[in-house]
Amino acid sequence: NQAHLLTVFPTPGRDDLETGAGLSVLRAALAGQSGLLFRDLRDKQGLGYTVTAFLWQAPKAGFMAFYIGSDPDKLPQALEGFRTAAQDLAAKPLPEAELARAKNILSGDYYQERQGLMARSREAAGALVQGFEREAELKLVQAAQTLTAEDVRKAAASVLKWDEAFVLEVAP
């Protein structure tokens, strides 16, 4: 008896490096078991068994999504948790410790995932096919390291607009 909830926010494409870097840091702060969404909605409120955030960007368009797998009866409270998180992230800069953690995750994941020659080749080919230069992802990670908490807040405010979000619910 599981339900799934996605709240999807349209984003600009990856051709906007600063916004893309800010959103990448934001996703790193939100996603995973140490992420802000997981700690609040799962650990504190007990609303779901898995909670995360996704970011996908093509050259001209993309999306950021909040996801929770939950009990069907808890979906309204989870949706309210997503709304509150979106509003808070758009209004207040991340605490410095969260910003540093997110930057470290982003950088660490980048280098860990590209240890093998095949992974680096796949990255270069994928970037070229999408119209990016070969090292676009590395430039994004490097740009993310220079961002302030206010830069990330501005990126969040530019996309986490509740009235423009799409909500997808899958329930039994």
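Further up the page is the structure itself.
I will try to describe carefully the structure that is included in this document. Sequence order as written defines residue numbering, which begins from 1 separately in each chain. Per-residue local features of the predicted model are confined to residues with pLDDT of at least 70, and side-chain atom pairs are confined, for both listing and counting, to 80 or more; whole-chain, interface and lining totals are unaffected and use all residues. The side-chain values count all of the structure's non-hydrogen atoms but skip hydrogen atoms and water molecules.

Remarks on the packing of helix H1 (residues 17-30) against helix H7 (residues 149-159)
Definition in use: Lines are fitted to the C-alpha atoms to define the axes, a helix being fitted only along its stretch in contact, and any angle between axes, read from their N-to-C directions, falls within 0 to 180 degrees. The helix and strand labels rest on DSSP assignments: H or I over at least four residues marks a helix, E over at least two residues marks a strand, and numbering proceeds from the N terminus. Our angle categories are set so that under 35 degrees counts as roughly parallel, over 145 as roughly antiparallel, 65 to 115 as roughly perpendicular, and the remainder as oblique. Residues are treated as being in contact if the distance between any of their heavy atoms lies within 4.5 Å. All amino acids are sorted into three groups, where Ala, Val, Leu, Ile, Met, Phe, Trp, Tyr, Cys and Pro are nonpolar, Asp, Glu, Lys and Arg are charged, and the leftover types, Gly among them, are polar.
In contact at an axis separation of 8 Å, H1 and H7 are set at 95° when each is read in the N-to-C sense. Taken together, the axes of H1 and H7 lie roughly perpendicular to each other. Side by side, H1 and H7 meet where Glu18, Thr19, Gly22, Leu23, Val25 and Leu26 of the first sit next to Asp151, Val152, Ala155, Ala156, Ser158 and Val159 of the second. When the residues that make up the contact of H1 with H7 are grouped by side-chain class, the tally is 7 nonpolar, 3 polar and 2 charged.

Comments concerning the environment of arginine 101
Cut-off, in case you're wondering: In protein, a polar contact requires one atom able to donate a hydrogen and another able to accept it; more generally it is a pair of N or O atoms within 3.5 Å, and residues adjacent in sequence count only if both atoms are side-chain atoms.
Relative to the helices and strands, arginine 101 resides in helix H4 (residues 96-113). For the pair arginine 101 and serine 34, spaced 67 residues apart in sequence, the C-alpha to C-alpha distance is 9.4 Å. Not counting residues up to four positions away in its chain, the partners in contact with arginine 101 are Ala28, Ala29, Ser34, Gly35, Leu36 and Arg39. A distance of 2.9 Å separates a polar atom in the side chain of arginine 101 from a polar atom in the side chain of serine 34.

Some details on the sheet that holds strand S1 (residues 3-12)
Put simply, the rule reads: When DSSP locates at least two bridges between a pair of strands, those strands are taken to pair.
Across the sheet, 4 strands lie side by side as S2-S3-S1-S4; this open sheet has antiparallel pairing. Either end of the sheet is taken by a strand with one partner, and the two such strands are strand S2 (48-57) and strand S4 (166-170). On average, adjacent strands in this sheet sit at an angle of 15° to one another, irrespective of strand direction. In this sheet, strand S3 (residues 61-70) lies alongside S1 in antiparallel orientation, the contact comprising 10 bridges. Bridge pairing in S3 links histidine 4 to glycine 69. Together, S2 and S3 form the strand contacts of helix H2 (residues 36-44), whose direction differs from that of S2 by roughly 155°.

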